[in-house]
Amino acid sequence: MKLFLTRSNTLKIQHLMTRSPAGPLMQAFVLEAIRRYAEEIVSEGIPEDNPRALISPRAWYVCAEVAQAELSEMEGA
């Protein structure tokens, strides 16, 4: 478990997607989780900027839009 904590986020996701005991079902789980979270963020509308926020709410919203668009494109392909 310690090794998992020291990996980059990219490697953590790669590990989940390729080496999970759940097998290929984990890929569907991860993509569905991203899809649902992006949908939730986008449905709330463009947030007001908050200069005190660690991460810009608008930038977070844009990330959700990009994720939603990418996943929609994948479904349509």
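Preceding this section is the structure that the text describes.
This section reports on the structure supplied with the text. (Residues numbered from 1 in each chain as written. Predicted model: local features only at pLDDT ≥ 70, side-chain atom pairs only at ≥ 80, totals over all residues. Heavy atoms only, no water.)

**Notes on the overall build of the protein**
Each helix and strand in the protein was counted, giving four helices and zero strands. For the protein, the α and β elements follow one another from N to C terminus as α-α-α-α. Taking 2.2 N^0.38 as the reference for a compact globule, 77 residues should give roughly 11 Å; the C-alpha atoms of the protein span a radius of gyration of 15 Å, well beyond that estimate. Projected onto its principal axes, the C-alpha positions of the protein cover 40 × 35 × 15 Å. Here the protein holds 77 residues, and the buried ones make up 13% of them. Intrachain contacts of the protein at a sequence separation of at least 6 include 28% that bridge at least 24 residues. About 6400 Å² of surface is accessible on the protein, with carbon and sulfur atoms providing 61% of the total. Here the protein holds 8 positive side-chain charges and 10 negative ones, and the gap between their average locations is 15 Å. (Helix = DSSP H or I, 4+ residues; strand = E, 2+ residues; numbered from the N terminus. Rg over C-alpha atoms; globule rule 2.2 N^0.38 Å. Buried < 20%, exposed > 50% of the residue type's maximum accessible area, 1.4 Å probe, protein only. Contact = heavy atoms within 4.5 Å. Areas by Shrake-Rupley, 256 points an atom, 1.4 Å probe, with all protein chains shown as cover. Lys, Arg positive; Asp, Glu negative; His and termini not counted. Charge placed at Lys NZ, Arg CZ, Asp CG, Glu CD.)

**Some remarks on the environment of His15**
In this fold, His15 is placed in helix H2 (residues 9–19). By relative accessible area, which is 26% here, His15 ends up partly exposed.

**Details of a nonpolar patch on the surface**
Together, Tyr37, Leu54, Ile55 and Trp60 make up an exposed nonpolar region whose accessible area comes to about 490 Å². With respect to the secondary-structure elements, Ile55 resides in the loop between helix H3 (25–43) and helix H4 (57–76). Overall, Ile55 belongs to the partly exposed group, its relative accessible area being 48%. (Patch = residues over 30% accessible without salt bridge, like charges linked within 9 Å, V, L, I, M, F, W, Y side chains within 5 Å. Salt bridge = Lys/Arg side-chain N within 4 Å of Asp/Glu carboxyl O.)

**What about the side chain of Ser20?**
Tracing the backbone shows Ser20 in the loop between H2 and H3. Under the relative-accessibility criterion, Ser20 is labelled buried at 15%. When residues no more than four places from it in sequence are discounted, the contact partners of Ser20 are His15 and Met26.

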